Amino acid sequence: MASTTGSTTKDAELRELLHRNYKYIDWKWNAVFWITAAFVVGAAGDITKLLFAGDWDFWTDWKDRQWWPIITPFAIIIIGSALQYIQWLAWRFPTGMVYTAVAMWVFATFGRWVQWGAFLDYPLNFVWPMTMVSAAVVADWTLLKTKSFVLTSILGGMAFTIVWWMSNYVMIAPFLQPALWMDRVLTVADVQGIEYVRSQTPEYLRIVEHGSLRTFLGETTYVALAFGGVLSIAGYWIGQFIARALAIWPIGRFMKKW
Amino acid sequence: MRRRIVVALTLGVVLLVASAPAASAHGERAQEAFLKMRTVGWVNVEFTGGEVRQGESGADEIFIGQGEEITITGITTLLSTWPGTLGGGNPNTGFISVIAPGPVVTIEEKTVNGVSAPHRITISKGGIYEFDMTIAGRTPGRWHVHPSFSVKGAGTLLGPGRWINVEPVDGYTNPLTLASGEVINLENYQLSFVWIYSLLTFFIGMGWMFYWTLRKRTVQNLAVTSQIPLNTDGMSVGLILKEDHRNMNWFLIVTLALTVGMFIYQAVAWPDKLPQQVIEFAPPAFEQAGAVPVATGISADYDPNTTTVTMEAEVTNTGNRDLVLTEFTTSTLTFDVEPATLEEAKLVVAPGTVGAGETTTLTLTLADPRWEGDKLIPTTESQLEIVGLLVFDDGTFAEVHAPLKTEF
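Residue numbers here run from 1 along each chain, matching the order of that chain's written sequence. For naming, the first written chain is A and the first written ligand is 1, with later ones following in the order written. Two thresholds apply to this predicted model, a pLDDT of at least 70 for residue-level local features and 80 or more for giving and counting side-chain atom pairs, whereas whole-chain, interface and lining totals are computed over all residues.

Trainee: Sorry, what's going on with the overall build of chain A here?
Mentor: On a plain count of helices and strands, chain A comes out with 9 helices and 2 strands. Seen in sequence order, chain A has helices and strands lined up from the N terminus as α-α-α-α-α-α-α-β-β-α-α. For chain A, the spread of C-alpha atoms along the three principal axes comes to 80 × 45 × 30 Å. Put simply, a residue is buried when 20 or more other C-beta atoms lie within 10 Å of its own C-beta and exposed when 12 or fewer do; between those, it is partly exposed, and each C-beta is set from the backbone. Taken across its 258 residues, chain A has 53% of its residues classed as buried. For chain A, long-range pairs separated by at least 24 residues make up 67% of all intrachain contacts whose partners lie at least 6 apart in sequence. Numbering goes from the N terminus for both helices and strands, where a helix is a DSSP run of H or I of at least four residues and a strand is a run of E of at least two. By the convention adopted here, residues make contact when the C-beta atoms placed from their backbones lie within 7 Å.

Next up, the structure:
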């Protein structure tokens, strides 16, 4: 009874604290954080993606059913996971993954439009970037419901990969239509990859349909998604490590010291 | 003051970007000489089609409109001098294409040894590959275009290039006929669909972010969140409310509805789909048309003052007719006894003929500033050697390599 009363008192104190007005900390601080951090987060997310899965994200003829869904979800969940931890810990916002996704979306789209479209004149229907937003919504929603990073990594990581694949497969689908070209049956994406010269990226560098995931009657995609989901879980914990050990902990030490 | 700084910075960026010339080279000068000379050789590279007239360089250049086609033909071969340090000394995968400053031309057709070869091919040291590529103008401008032979383990190696001027054409399209019979324009096919769909997902994400950032305080929450366990949503203290849970459920439902709905849509809209294709095969063997001569390099002396290589080579004519040396080629350089374009240099050879069944020592004088300009004299490298192909009047050719001597 005493414990319940104590808890209620504490809750009341915190509730009051939640609505306390600070003289110098107003909405402008919030705006400054969200806007300035978007550049850092967008850049970090995009660079991590490009480091691990750059070519798969650049070209339609790399966006295959085997390596694209294995490599990309792993690459993009890392920074999203770190932000998820930081924003949940500090403000109890289930927004880290979506924040990363929209910041990355702006960065990648702008980069593709300027670097590949305006400067190099590649047709943008050949070099469009993936979108992570739908998968991020699922991951943030999972955290909101489970309130657990372990469950979010397992359930959210798997769901993240599947939703990411479905939402991006929609965009690659028209480019997988067959065409008879150069006396061969090729996909539209293949034709784009051959027609539009990539000076220092010879075709043999393409890692597509490359491997031995050939069980399940050739249903490579399901195997790739299962493997991609497991890798996403691993990527999620890399992100957690970045957040906990490299971002939060040093700041905590700094704050205590001063 | 602040205004001046902003104006100065803006002006600085604009001037920097505006004054930067477009790159027209391909990085080939950065490659070491041995990488260019000891790896692949090029014979009879010709650009056919378009209008040939004097261009900006003062030499004959090719002029085509957008969508207008020209062909690049020739022969490339993997030399026996292929360095053991590249691709384990045993190159096995290659890709013949063109090099240009980006997709300024499109590749429309490509055969290797008479067979359609859109992708990689299986290759081997000593292999000879006759290529025939049709390219079409795409981006208006003046572009230097080379045939290229990319070899796994070595990178992309260039053959002799030409300047191609692409002139704008109203209503340019790049048509492709699908298996369904539909003709699409590759330049913008389904671009709107991709952007609209991607933008829809972005809007959902922005909606999610605005929900949390506009309705709730951010930085101020730290005072509360630092006092409650991590595995709680803080509902008891008013951090996350039931209403938030309910609204986020709706966000999820909309997101999944869009994802599943569009997934079904694509299955209906484009029922016939293939995985990306990977075509790899060994092209049929190419045999030289006549009796193949044998060449042995004796010496190669380089005079840096006149940028001239003087090479002595012993050539054995294994056929029954006299052979006349017409060309010496190495990397991007072609020396011809009768240069057809300003991009070809003059070959002086004495004697110029090797009698049937005879062995003759030829002295080749190869003068061109591009020996140094294109960094083809390997005086700073660990393998001082000049390598190239001797091309004869019957179309046959022979590899020759000789140790390089020069002044230091």
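Next, the rest of the story.
Trainee: Quick question: what am I supposed to make of unusual backbone geometry here?
Mentor: Phi is mostly negative for residues that are not glycine, and the peptide bonds are mostly trans. Here the amide bond leading from B:Ala350 into B:Pro351 is cis, since omega sits at -15 degrees, within 30 degrees of zero. Mapped onto the elements, B:Pro351 comes out in the loop between strand S19 (345-350) and strand S20 (353-354).

Trainee: Please explain the environment of A:Trp29 as it appears in this structure.
Mentor: Residue position: A:Trp29 is located in helix H2 (residues 27-58). A:Trp29 sits 203 residues away from A:Ser232 along the chain, and the two C-alpha atoms are 33 Å apart.

Trainee: Just to check I follow, could you spell out H2(A) for this structure?
Mentor: Because each turn of an α-helix spans 3.6 residues, side chains separated by three or four positions end up pointing in the same direction. All names here are of chain A. To estimate how far a helix should reach, multiply one less than its number of residues by 1.5 Å. With 32 residues, H2 extends only 38 Å from end C-alpha to end C-alpha; this falls clearly short of the ideal 46 Å at 1.5 Å per step. Values of bend correspond, residue by residue, to the angle between axes fitted over the seven residues ending at that residue and the seven starting there. For H2, the principal kink sits at Phe 52 and spans about 85 degrees. Of all the positions in H2, only Val 41, Gly 42, Ala 44, Gly 45, Asp 46, Thr 48, Lys 49, Ala 53, Trp 56, Asp 57 and Phe 58 are classed as buried. Looking at the packing, one finds that the buried side of H2 touches helix H3 (68-91), helix H4 (96-119) and helix H5 (124-127).

Trainee: Even after reading the chapter, I still don't get the sheet that holds strand S1 (residues 40-48) of chain B, so can you show me in this structure?
Mentor: Strand pairing in a sheet relies on backbone hydrogen bonds. The paired strands run either parallel or antiparallel. Residue and element names in this part refer to chain B. In short, DSSP must find at least two bridges between two strands for them to pair. On the basis of which strands lie adjacent, the open sheet formed by 5 strands has the order S1-S4-S9-S6-S7 and antiparallel pairing. Looking at strand neighbours, the two that pair on one side only are S1 and strand S7 (115-116), the edges of this open sheet. By the bridge criterion, 9 bridges tie strand S4 (residues 69-78) to strand S9 (residues 128-137) in an arrangement that is antiparallel. The residue bridging Thr 73 from the neighbouring strand is Asp 132, located in S9.

Trainee: Got a minute to help me understand the domain arrangement of chain B in this structure?
Mentor: Much of the literature gives interface size as the accessible area that the parts lose upon coming together. Each domain of chain B was delimited in the assignment, giving domain 1 (25-178), domain 2 (191-269) and domain 3 (294-406). Placing a centre on the C-alpha atoms of domain 2 of chain B and another on those of domain 3 of chain B gives a separation of 70 Å. Where each domain begins and ends follows an automated or database-derived domain assignment.

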